[in-house]
Amino acid sequence: MDTQAQELIQRHRQIWQRKPVLRRIYNEEFFARLLAFRKPEGISVEVGGGPGLLKELLPGLVTTDLVCSPWLDAVADAQRLPFRSSSITNILGLDMLHHLAAPMKFLKEAERILAPGGRLILVEPWVTSFSYLVYRYLHQEECDLSANPWNENPVRPVIEKKAFDGNQAIPYLLFRPPALAKTLASVPSFKPSAVEPFCLFAYLFSFGFKPFNLLPEFLYPLVSKFERATLPLWRSWAALRVLIVLEKRF
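> Lay out the overall build of the protein chain with the relevant residues and their values.
Across its full length, the protein chain carries eight helices and seven strands. Taking 18 Å as the expected radius of gyration for a compact globule of 250 residues, we find that the protein chain reaches 17 Å, a close match to that expectation. Every one of the 250 residues in the protein chain was classed for burial, and the buried ones make up 52%. Partitioning the intrachain contacts of the protein chain with sequence separation of at least 6 by distance along the chain shows that 76% fall at a separation of at least 24. Counting 30 positive and 24 negative side-chain charges, the protein chain places the averaged centre of each group 3 Å from the other.

Here is the structure:
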């Protein structure tokens, strides 16, 4: 059992309760995007549920994570999901893909368990000229653009990888336009419905799950409105996150 990961999750839950602006950013920006693409019928599964925050907005959600927590429904490795083939309508994930030792194994598992028409919906870090500087120099996780995310047998054994080790470049490497075709060739029943970079000012000034904050809650609506209005101007060079939606065709 990863005690460090459990302590981090507990810390995240405590900060979540103390930072109302963080709750608004997640609920109105990150979770709202996940839920907007969710198909309303069938079973929805969250992979990498961590502190169990999304279930507050979607009570019927089946929440899973590699680390055991009392608010989760199941302990499961995203690379070996315990669900029958073609039995799930939606798979939702926030900041989980870039933590996996072999992300293609997860994409193949998602392809297996989703029913035809089902959707894999993720919000992940995204690399741009600006965000690379943030992730490379101001964040505790790696941002290694030289990684090979298609390798299903990494040199470092999966068992050595801790739950919260991550490479924030992984989603960009897999889903940027030149590489997307290569990724989809390994999961041929998926078609991309959305690869949409977003997120800058509000999350950056809130400092996420850090204990400090430079964005008072009363200013959040103005910052959010400005961010949405100006998104086309900075999406390609400054966005910090991306919405990824893959739909299973058959």
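Now that the structure has been shown, we can carry on.
> Lay out the environment of Glu 41 with the relevant residues and their values.
By the secondary structure assignment, Glu 41 is in the loop between helix H2 (20-36) and strand S1 (44-47). Linking Glu 41 and Thr 89, residues 48 residues apart in sequence, is a C-alpha distance of 7.3 Å. Excluding its chain neighbours within four sequence positions, the residues that come into contact with Glu 41 are Thr 89 and Asn 90.

> Could you give an account of the packing of aromatic side chains, with specific residues and numbers?
A complete count under the given rule lists twelve aromatic pairs for this structure. An angle of 70 degrees between the planes, with centres 4.8 Å apart, marks the rings of Tyr 26 and Phe 30 as edge-to-face. Taken together, the residues Tyr 26 and Phe 30, both in helix H2 and four residues apart, mark about one turn of the helix. On the basis of an interplanar angle of 75 degrees and a centroid distance of 5.7 Å, the ring pair of Tyr 26 and Phe 31 is categorised as edge-to-face.

> Before we move on, could you go through the nonpolar core and cite the residues and values that matter?
In terms of nonpolar packing, the biggest core is built from 40 residues, with Ile 25, Tyr 26, Phe 30 and Phe 31 touching the most fellow members. The leading source of residues in this core is H2, at seven residues. Non-local contacts of Tyr 26, meaning those with residues more than four positions away in its chain, are made with Trp 16, Phe 31, Ala 32, Leu 94, Asp 95, Tyr 203, Phe 209 and Arg 241. Of all hydrophobic cores here, the second largest spans 31 residues; its members include Ala 78, Leu 97, Leu 184 and Val 187.

> Before we move on, can you summarise the sheet that holds strand S4 (residues 88-94) with the specific residues and values?
Pairing in this open sheet of seven strands is mixed, and the strands run S3-S2-S1-S4-S5-S7-S6 from one edge to the other. If you trace the sheet from one side to the other, it starts and ends with strand S3 (74-75) and strand S6 (190-198), each paired once. On top of the sheet, helix H3 (residues 103-113) reaches S1, S4, strand S5 (114-125), S6 and strand S7 (241-248); it is set at about 150 degrees to S5, its chief contact.

> Let's hear about H3: which residues, and what values?
Burial runs high along H3: eight of the eleven residues are buried. Within H3, the full set of buried residues consists of Pro 103, Met 104, Phe 106, Leu 107, Glu 109, Ala 110, Glu 111 and Ile 113.

> Break down the side chain of Glu 111 for me, citing the residues and quoting the values.
Relative to the helices and strands, Glu 111 is located in helix H3. Of the side chains with opposite charge, Lys 248 lies nearest to the buried Glu 111, which makes no salt bridge, at 6.6 Å. Excluding its chain neighbours within four sequence positions, the residues that come into contact with Glu 111 are Ser 186, Val 187, Pro 188, Ser 189, Phe 190 and Lys 248.

> Report on a nonpolar patch on the surface, specifying residues and quantitative values.
Taken together, Phe 205, Phe 207, Phe 212 and Leu 214 make up a surface patch of nonpolar side chains, about 400 Å² in accessible area. On the secondary structure map, Leu 214 appears in the loop between helix H7 (201-206) and helix H8 (220-238). Note on Leu 214: relative accessible area 60%, which makes it exposed.

> Quick one: what's the story with the pairing of S4, residue by residue and with numbers?
A large share of S4 lies buried, amounting to seven of its seven residues. Bridging between S1 and S4 involves three bridges; their strand directions are parallel. The partner of Val 45 across the bridge, within S4, is Ile 91. Note that S4 and S5 share six bridges and pair parallel. Residue pairing across strands places Leu 94 opposite Val 123, the latter belonging to S5.

> Hey, could you go over the pattern of salt bridges for me, with residue numbers and the actual values?
For the structure shown, the criterion picks out nine salt bridges. A salt bridge links Glu 152 to Lys 108, with the shortest nitrogen-to-oxygen separation between them at 2.5 Å. Here the residue Glu 152 occupies a position in the loop between helix H4 (129-137) and helix H5 (170-175), and Lys 108 occupies one in helix H3, the gap between them amounting to 44 residues. For Glu 247, the salt bridge is made with Arg 119, and the minimal N-O distance between the two is 2.9 Å. Here Glu 247, found in strand S7, pairs with Arg 119, found in strand S5; they are 128 residues apart in sequence, far enough to count as distant. The same class applies to Glu 247 as to Arg 119, namely buried. Connected via shared salt-bridge partners are Glu 29, Arg 33 and Arg 228.

Calculation notes
- Residues numbered from 1 in each chain as written.
- Predicted model: local features only at pLDDT ≥ 70, side-chain atom pairs only at ≥ 80, totals over all residues.
- Heavy atoms only, no water.
- Helix = DSSP H or I, 4+ residues; strand = E, 2+ residues; numbered from the N terminus.
- Rg over C-alpha atoms; globule rule 2.2 N^0.38 Å.
- Buried < 20%, exposed > 50% of the residue type's maximum accessible area, 1.4 Å probe, protein only.
- Contact = heavy atoms within 4.5 Å.
- Lys, Arg positive; Asp, Glu negative; His and termini not counted.
- Charge placed at Lys NZ, Arg CZ, Asp CG, Glu CD.
- Phe/Tyr/Trp six-rings, centres within 6.5 Å; stacked < 30°, edge-to-face > 60°.
- Core = buried A, V, L, I, M, F, W, Y, C linked by side-chain atoms within 4.5 Å.
- Pairing = 2+ DSSP bridges.
- Axes fitted to C-alpha atoms, helices over the stretch in contact; angles between N-to-C directions.
- Salt bridge = Lys/Arg side-chain N within 4 Å of Asp/Glu carboxyl O.
- Patch = residues over 30% accessible without salt bridge, like charges linked within 9 Å, V, L, I, M, F, W, Y side chains within 5 Å.
- Areas by Shrake-Rupley, 256 points an atom, 1.4 Å probe, with all protein chains shown as cover.

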